[in-house]
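Spelled out from the first residue to the last, the chains are:
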Amino acid sequence: MSALLYNEDALTGIERVADSSVDLVIADPPYGLGKDYGNDSDRLGAREYLAWSRRWIDAVVPKLKANGSLYVFLTWQHSPEVFSHLKTRLAMMNEIIWDRRVPSMGGSTRKFSSVHDNIGFFVKSRDYYFDVDAVRIPYDAETKKARTRSIFMGKKWLEVGYNPKDVWSVSRLHRQHGERENHPTQKPLEIVERMVLASCPPGGTVLDPFMGSGTSAVAAARNGRRFVGFELNPDYFAIVEKRVAETINGKHGGNQDVASLLSVT
Ligand SMILES: C[S@@+](CC[C@H](N)C(=O)[O-])C[C@H]1O[C@@H](n2cnc3c(N)ncnc32)[C@H](O)[C@@H]1O
């Protein structure tokens, strides 16, 4: 599957993506909280941040196919306003809470410590693609054992697992985590892969305007989806290239011709 990777400002690069050509947008923009991404992208005041958010949203929405979907990672500080704007363009299906499973130590003593991201799941039309079977979670052995009474025997749902709820409890990536790259807000593959499997058909196209370390590109490459993505910072972009090449070239299975699949600009 092809991956088009651009070391470029998404707001200029997206213009080259054809309208109605993308199945799934995964957007993990700067949070508007002053994180250091080696550039000024997260140094906007609240008003400017919202104006910028409206700009990228208005640029990506036309790229979605009629049955396409968009996920956006946000925090509670700006999610109400950004969700409000997205609702003028798309239908909101879920607010997913990513519980980062932060250990109970330290944190704020003047308010409750914030340990979650607010992820918006939006669709272009009610006819959107959604494959729940691809993301079912197996029941654990204990639950299965508790359902051994005859009324549960042979029940398909017990075998196929349950559909994920809107609270996703997945540990953030610690410094020592095997997946971890040198990026301050890298997302776990488990979360991004769930979005790809549920909301992009096999062979379909994923667009990520803010690739960071390239988690969405890896998720797409591992699962036979096409990919187009943008990242401003050249150091992070180098990480994206490395991760995608490793994925395509067999570190995670497969042994394909990387050059023909990976198109870097
Ligand atoms: C929250 S991080 C994305 C993290 C990513 N999801 C991951 O798992 O590694 C946001 C990224 O957007 C990049 N960025 C900020 N403004 C941008 C722009 N206008 N175009 C492209 N990338 C941008 C930042 O450099 C940063 O790496």
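Rules used throughout
- Residues numbered from 1 in each chain as written.
- Predicted model: local features only at pLDDT ≥ 70, side-chain atom pairs only at ≥ 80, totals over all residues.
- Helix = DSSP H or I, 4+ residues; strand = E, 2+ residues; numbered from the N terminus.
- Buried ≥ 20, exposed ≤ 12 C-beta atoms within 10 Å, placed from the backbone.
- Contact = placed C-beta atoms within 7 Å.
- Pairing = 2+ DSSP bridges.
- Axes fitted to C-alpha atoms, helices over the stretch in contact; angles between N-to-C directions.
- Parallel < 35°, antiparallel > 145°, perpendicular 65-115°, else oblique.
- Left-handed = near helix turned anticlockwise from the far one by under 90°.
- Nonpolar A, V, L, I, M, F, W, Y, C, P; charged D, E, K, R; others polar.
- Core = buried A, V, L, I, M, F, W, Y, C linked by C-beta atoms within 7 Å.

Student: Help me get a handle on the overall build of the protein, residues and values and all.
Tutor: Secondary structure assignment for the protein yields nine helices and nine strands. Going through the 265 residues of the protein one by one, you find that 33% of them count as buried. Taking all contacts inside the protein whose residues are at least 6 apart in sequence as the whole, residues at least 24 apart take part in 71%.

Student: Let's hear about helix H6 (residues 189-199): which residues, and what values?
Tutor: Among the residues of H6, Ile191, Val192, Arg194, Met195, Val196, Ala198 and Ser199 are the ones counted as buried. The secondary structure elements touched by the buried residues of H6 are strand S2 (22-27), strand S3 (64-74), strand S4 (91-99), strand S6 (167-169), strand S7 (205-208) and helix H7 (215-222).

Student: Can you break down the pairing of S4 residue by residue, with the values?
Tutor: Pairing geometry for S4 and strand S5 (residues 116-123), over eight bridges, is antiparallel. Bridge pairing links Met92 to Phe122 in S5. As paired elements, S4 and S6 share three bridges and run parallel to each other. Bridging from a neighbouring strand, Trp98 pairs with Trp168 of S6.

Student: So what's going on with the packing of H6 against H7? Residues and values would help.
Tutor: Contact pair H6 / H7: the axes reach a minimum separation of 9 Å and the direction vectors enclose 55 degrees. The pairing of H6 with H7 is recorded here as oblique in orientation. Crossing hand, H6 versus H7: right-handed. Counted together, Leu189, Val192, Glu193 and Val196 of H6 and Thr215, Ser216, Val218, Ala219 and Ala220 of H7 form the full contact between these two elements. Taken together, the residues of the contact of H6 with H7 break down into six nonpolar, two polar and one charged.

Student: So, the nonpolar core: which residues are in play, and what are the values?
Tutor: If you look at the biggest cluster of nonpolar residues, it comprises 51 residues, and the most contacted ones within it are Val25 and Ala217. Tallying contributions element by element places S3 first for this core, with six residues. If sequence neighbours within four positions are ignored, Val25 has contacts with Val60, Leu64, Leu70 and Leu207.

Student: Summarise the packing of H7 against helix H8 (residues 234-248); cite the residues concerned and give the values.
Tutor: Two numbers describe how H7 lies on H8: the axes approach to 9 Å, and their chain directions differ by 15 degrees. Judged by the inter-axis angle, H7 sits roughly parallel to H8. Crossing geometry of H7 relative to H8 is assigned as right-handed. Here H7 contributes Ala217, Val218, Ala221 and Arg222 to the contact with H8, which in turn contributes Val240, Arg243, Val244, Thr247 and Ile248. Within the contact of H7 with H8, the residues separate by chemical class into six nonpolar, one polar and two charged.

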